[in-house]
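# Topology and contacts: notes
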Amino acid sequence: MIAVAATYYFFFGKGEKEQTLIIAVPEEIESTDIQQVSWENIVHDAIFQPLVRFDMDCKTIVPDLAVRYEVSGKNLTFYLPEGVKFSSGNPITADIIKRSIERYRRLSIYAEDYAVVEDIVVVNDYTITLVCKEPPAYLWAVLTTIYGAPVDVKTAEKIGDEAFGLKAVGSGPFKVVKWVQGSHIEFERNDNYKTNLPFVKNHGPPKIKKLVVRFIPEDLTRISELEAGKVHIVIGVPTEAIKRLEKNPDIKLYYTLTPGIDYIMINCKRAPLNDVNVRKAISLAINRSELVKALEDTAVPYFSLLSPTQICYNETLEKYYEKVYSYNPQKASKILESLGWKDTDGDGILDKDGKPFTVTLLVPVDRPVLRKVAPLIQAQLSKIGIKVELQEFEYRYIRDKTRNWDFDLALRAYVWSDPDILFYIFHSVENYTWSDPEVDELLEEARTIMDMTERTEVYSRIQTKILDDCAVVPLFVTKSYIAARKEVKGLIVHPMYGELFLNDVELSG
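Computed from a predicted model, the values in this text were never measured in an experiment.

Helix and strand counts for the chain stand at 17 helices and 24 strands. Its C-alpha atoms give the chain a radius of gyration of 25 Å, within 12% of the compact-globule value 23 Å for 509 residues. Referenced to the eigenvectors of the C-alpha coordinate spread, the extents of the chain come out at roughly 80 × 55 × 40 Å. In the chain, which comprises 509 residues, the proportion classed as buried is 54%. A sequence separation of at least 24 residues applies to 69% of the contacts in the chain between residues at least 6 apart. With an accessible surface of roughly 21,400 Å², the chain has 49% of that area assigned to carbon and sulfur atoms.

This next bit is on the side chain of T77. Here T77 shows up in strand β5 (residues 75–79). Relative accessible area serves as the criterion here: at 13%, T77 is assigned to the buried category. Excluding anything up to four places from it in sequence, T77 contacts R68, Y69, E70, T127, I128 and T129.

One finds L130, F187, I377, L381, F426 and L491 to be the most contacted residues of the largest nonpolar core, which totals 146 residues. Sorting elements by how many residues they give to this core places strand β20 (residues 472–485) first, with seven residues. Sequence-distant contacts of I377, defined by excluding residues within four places in its chain, comprise I264, I286, L291, L361, L411 and L475. Grouped together as the second largest cluster of nonpolar side chains are 15 residues, I22, V231, L245 and A483 included.

Bringing the pairing of strand β4 (residues 68–72) into the picture now. The side chains of a regular strand alternate between both faces of the sheet. As defined by bridge partners, β4 adjoins β5 across five bridges and the pair is classed as antiparallel. Paired with V71 across the strands is L76, a residue of β5. Between β4 and β5, which pair antiparallel one after the other, the connecting turn spans two residues, and G73 there sits at a positive phi close to 65°.

At their nearest, the axes of helix α9 (residues 276–284) and helix α12 (residues 329–338) sit 8 Å apart, and the two run at 160° to each other. It follows from the interaxial angle that α9 and α12 lie roughly antiparallel. For the element pair α9 and α12, the recorded crossing hand is left-handed. The residues of α12 that touch α9, namely those facing N277, V278, A281 and L284, are P329, K331, A332, I335 and L336.

The next thing to look at is unusual backbone geometry. With the exception of glycine, most residues fall at negative phi, and the peptide bonds are largely trans. Residue P272 is reached from A271 by a cis peptide bond, and omega for that bond is 0°. Along the chain, P272 turns up in the loop between β13 (262–266) and α9. A positive phi is found at C58, a non-glycine position, where the angle reads about 65°. On the secondary structure map, C58 appears in the loop between β2 (52–54) and β3 (61–63). Note on C58: relative accessible area 5%, which makes it buried. Even without glycine at this site, E296 takes up a positive phi of about 55°.

Confidence in the prediction for the chain averages 93 pLDDT; 96% of positions are at 70 or higher. Taken as a whole, residues 1–18 scores under 50 in pLDDT and shows 22 contacts with residues more than four places along the chain or in a different chain.

In terms of residue burial, strand β10 (residues 210–215) counts as a mostly covered element, since six of its six residues are buried. Here β10 shows no split at all, with K210, V212 and R214 on one side and L211, V213 and F215 on the other all buried. Where strand β1 (residues 20–25) and β10 come together, six bridges link them in parallel fashion. Paired with I23 across the strands is V213, a residue of β10. Pairing analysis gives five bridges linking strand β9 (residues 184–189) to β10, with the strands arranged antiparallel. Looking at the pairing, H184 lines up with R214 of β10.

Our focus in this paragraph is the packing of aromatic side chains. In this structure the tally under the stated criterion is 14 aromatic pairs. Ring geometry for Y69 against F78: centres 6.5 Å apart, planes inclined by 40°, an arrangement best described as tilted. For Y69, a relative accessible area of 26% gives the class partly exposed. For F78, a relative accessible area of 1% gives the class buried. Seen in terms of ring centroids, F423 and Y424 are 5.4 Å apart; in terms of plane orientation they differ by 70°. Their pairing is edge-to-face. We classify F423 as buried; its relative accessible area is 9%. For Y424, a relative accessible area of 44% corresponds to the partly exposed category. Taken together through their ring pairs, the aromatic side chains of Y69, F78 and W140 make up a single cluster. Above the face of the Y395 ring, R367 is positioned so that its terminal group lies 3.9 Å from the ring centre.

Within helix α14 (residues 395–403) the residues assigned to the buried category are Y395, I398, K401 and T402. End-on, the buried residues of α14 take up no more than an arc of 120°, which puts them together on one face. Here the buried face of α14 lies against β13, β17 (358–364), β18 (387–393) and β19 (409–413). One or two steps after α14, the chain reaches W405, where phi turns positive at roughly 65°.

What counts as what
- Residues numbered from 1 in each chain as written.
- Predicted model: local features only at pLDDT ≥ 70, side-chain atom pairs only at ≥ 80, totals over all residues.
- Heavy atoms only, no water.
- Helix = DSSP H or I, 4+ residues; strand = E, 2+ residues; numbered from the N terminus.
- Rg over C-alpha atoms; globule rule 2.2 N^0.38 Å.
- Buried < 20%, exposed > 50% of the residue type's maximum accessible area, 1.4 Å probe, protein only.
- Contact = heavy atoms within 4.5 Å.
- Areas by Shrake-Rupley, 256 points an atom, 1.4 Å probe, with all protein chains shown as cover.
- Core = buried A, V, L, I, M, F, W, Y, C linked by side-chain atoms within 4.5 Å.
- Pairing = 2+ DSSP bridges.
- Axes fitted to C-alpha atoms, helices over the stretch in contact; angles between N-to-C directions.
- Parallel < 35°, antiparallel > 145°, perpendicular 65-115°, else oblique.
- Left-handed = near helix turned anticlockwise from the far one by under 90°.
- pLDDT = per-residue confidence, 0-100.
- Phe/Tyr/Trp six-rings, centres within 6.5 Å; stacked < 30°, edge-to-face > 60°.
- Lys NZ or Arg CZ within 6 Å of the ring centre and 35° of its normal.
- Arc of directions from axis to C-beta.

If you want it as structure tokens, here you go:
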């Protein structure tokens, strides 16, 4: 670590050391090009800038690169500011936006995001319209994230996709200087940067001249570097470090709620789980508060399917199902007994027709939070006479097993700002373990509703059908922590994805 720190000092020079912001993240990026990655982080936020974003209320769409937008039936029109440029100096026009979307459709693994777009019409140099097959409500989740940001297509075509992946060009607040793979990425301020975001004070180039993003996979090392003052901000603060950092007067902690939930998926077509009352008993036997306590309060207990940082969240619905499914092992036991499940041989395991109540729970080894609570869930269900056998696999393998009906219970999680994610979990074309024709229709209808109040009402109906049938057991919403040293002033952390906005950041002291 000493050698790396010395490298930064040499690169930035003594006179500019106080102008250099250093951020540590756990994982190294796949590529600097947002159109060639399967996941993003602060690196891409530094390079790129979407046309629009969600405001801090997670409900209102506000302009970022664009100056304004219009919704007309099935079409979305965006108006660009005149004279805006990428960090390379290449102009950003409606034609470039069109070519960028076309490139996304060619390169990105998420190309299907734009399937609803039937045509892209360049109205004039600074106006572009997305002509859609149907009202594209779920498209906002793409357009408001960094995945919806335009890339400098001219530079990409000039140097090729592979080279562009090493040093991508966008219109974000910083531009790439050098990617030292396995170590860090160095940036300098993009003096062409302009934004129309209402929640930042500085709408021009950032006050910070230099930025470094370090890749530090070891949790202990990442936190030690923060405490020693060798990095200013840490993204991905490990659970075990929270209490210590809270007591450190030199550190400020920020947290956001994940736009999604962690839950137990149930194979509703496999006996005895095909009985809705059995599923309800399981939900009543889960002490979510105990799970959260084991996670050192880095999550909040949850009972519905959309978290507060997701579009169409309904607080009333959450409170209702908290009452319906709050921890009640006595009620759970009575339900099972009424169904004929009894411990006839005194071994602590319920049985019926000579068969013990034994189920397997698939546990993802690469999801530390879910792996940590799995033994607790096992113990909680054992208290009502259900024997749970834990089987650990990688999350991807568990996902495949659930798609092939090859499971009883599985620990799963999802993260996405738009409630359309429920389509991919509960629509019958995607979910083979539970289905409901009415839910299918509602999920399809919700995709086309542009009015947010009406859309929220439909998603509330969807959740009610799913939760009344106890198709899954919601567990909790996790907190994502970011830590910053006290000398970092003006940092804005967006509640939806925990994105960092560095527009107003200055270093003091």
